[in-house]
Amino acid sequence: QVQLVESGGGLVQAGGSLGLSCVASGRSFSSYAMGWFRQAPGKEREFVASISWNGGDTSYADSVKGRFTISRDNAKNTMYLQMNNLKPEDTANYYCARGQRWRSAYLSKGDVSSWGQGTQVTVSS
């Protein structure tokens, strides 16, 4: 059981940037894929980005590709999401997640074993 804590959310104008961080407890952080998901009011939680257990592979939702960058620092048990050129439709609660498959390359919603509590990102126009 891993505890995940997100930070970095806030209010930003369209076109601006925000950087999110996720700090994990436990000793198994480096052996699992990690990812970011988001959920807006009235909508299902959706995939944003994932990164493999060793950081070698990344994947992005089409809606954020080219604007968001996912990274991780296993020595610090931390994952990051750099969000640039933000749009109002990016407004959502952003969740950090860890996968359940050992040394996997990608993370989908169905593979999530642990969720963070979320951090709110609001983009105004």
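Everything below is about the structure shown above.
This one's a predicted model, so the numbers in the text were calculated from it and none came from an experiment.

### Description of the packing of aromatic side chains
Stage number 1. Here the structure, examined in full by the defined rule, presents three aromatic pairs.
Stage number 2. Relative to Trp115, the ring of Phe37 has its centre 5.1 Å away and its plane inclined at 70°; by these criteria the two rings are edge-to-face. With Phe37 in strand E4 (residues 32-39) and Trp115 in strand E10 (residues 112-115), this pair connects stretches of sequence that are 78 residues apart.
Stage number 3. The exposure class of Trp115 is partly exposed, given its relative accessible area of 32%.
Stage number 4. Residues Tyr95 and Trp115 carry aromatic rings whose centres are separated by 6.4 Å and whose planes lie at 85° to one another, so their mutual orientation is edge-to-face. Here Trp115 lies in strand E10 and Tyr95 lies in strand E9 (residues 92-102), a separation of 20 residues in the sequence.
Stage number 5. Using a relative accessible area of 11% as the deciding quantity, one classes Tyr95 as buried.
Stage number 6. An aromatic cluster of three or more residues is present, and its members are Phe37, Phe47, Tyr95 and Trp115.
Stage number 7. Sitting over the face of the ring of Tyr95, Arg45 holds its NZ or CZ atom 3.6 Å from the ring centroid.

What counts, and at which threshold
Residues numbered from 1 in each chain as written. Predicted model: local features only at pLDDT ≥ 70, side-chain atom pairs only at ≥ 80, totals over all residues. Heavy atoms only, no water. Phe/Tyr/Trp six-rings, centres within 6.5 Å; stacked < 30°, edge-to-face > 60°. Helix = DSSP H or I, 4+ residues; strand = E, 2+ residues; numbered from the N terminus. Buried < 20%, exposed > 50% of the residue type's maximum accessible area, 1.4 Å probe, protein only. Lys NZ or Arg CZ within 6 Å of the ring centre and 35° of its normal.

That is the geometry; function is a separate question.
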